[in-house]
Amino acid sequence: MSASLATAKGLAAEFSAELKDHAYGLGSFTEPQPLNNNSDNNSNDNSNDNSNDNSDDNGDNDGHGTASQRIQAGASAVLLEGDQVTIALDASGYTVTSVSSEDRNRFVGATFESFTGLLSAISPAFNDAMHRQLSEKLVQAMAADTRLVPDSPAQEE
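Described below are features of the structure shown in this document.

What counts and how
- Residues numbered from 1 in each chain as written.
- Predicted model: local features only at pLDDT ≥ 70, side-chain atom pairs only at ≥ 80, totals over all residues.
- Heavy atoms only, no water.
- Core = buried A, V, L, I, M, F, W, Y, C linked by side-chain atoms within 4.5 Å.
- Buried < 20%, exposed > 50% of the residue type's maximum accessible area, 1.4 Å probe, protein only.
- Helix = DSSP H or I, 4+ residues; strand = E, 2+ residues; numbered from the N terminus.
- Contact = heavy atoms within 4.5 Å.
- Pairing = 2+ DSSP bridges.

## Some thoughts on the nonpolar core
Core analysis: the biggest nonpolar cluster contains 23 residues, and Phe 15, Val 85, Phe 115 and Leu 118 have the highest contact counts within it. For this core, the secondary structure elements donating two or more residues are helix H1 (8–21), strand E3 (72–79), strand E4 (84–90), strand E5 (93–99), helix H2 (115–122) and helix H3 (124–144). Ignoring anything within four residues of it in the chain, the contact list for Phe 115 reads Phe 15, Glu 18, Leu 19, His 22, Leu 26, Ile 87 and Tyr 94.

Encoded structure:
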């Protein structure tokens, strides 16, 4: 994990960039916020900024800490279908934490390696929007590349 992703603020910045990159396939979204998941629910988290200390209370040195110490950022998004989804980002990936539709309840608790993967799984309208955008970009690239335009017969003589 890069140094910027080792903090909740770094995760929030990464999450924000992903939301903006995928805005074409979302109805709307909130800016991600760092989440404080300390087991004592103490919001004054200034005393334990030990980015280089990756050991948890169990002696494990996996960089993720215990569940009560997990570094996370969270945001909400409205899918193109109109359903709201709440997502958390941590070292494991993007996890669906709640949905507003019973049709998507099966995704609550599911973790995805990428934001694109999460949206592709839960939103058919996102898939349609992504394919439209990719097709438009391909057409634009082809139109801009004169090597792809065949010579007219009059020019070949």
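This is not the end of the story, as more comes after the structure.
## Details of the pairing of E5
Of all seven residues that make up E5, five are buried, and the element is covered over most of its length. With six bridges joining them, E4 and E5 adopt antiparallel strand pairing. The partner of Ala 88 across the bridge, within E5, is Thr 95. Two successive antiparallel strands, E4 and E5, enclose a turn made up of two residues. Pairing geometry for E5 and strand E6 (residues 111–112), over two bridges, is antiparallel. Paired with Tyr 94 across the two strands is Phe 112, which belongs to E6.

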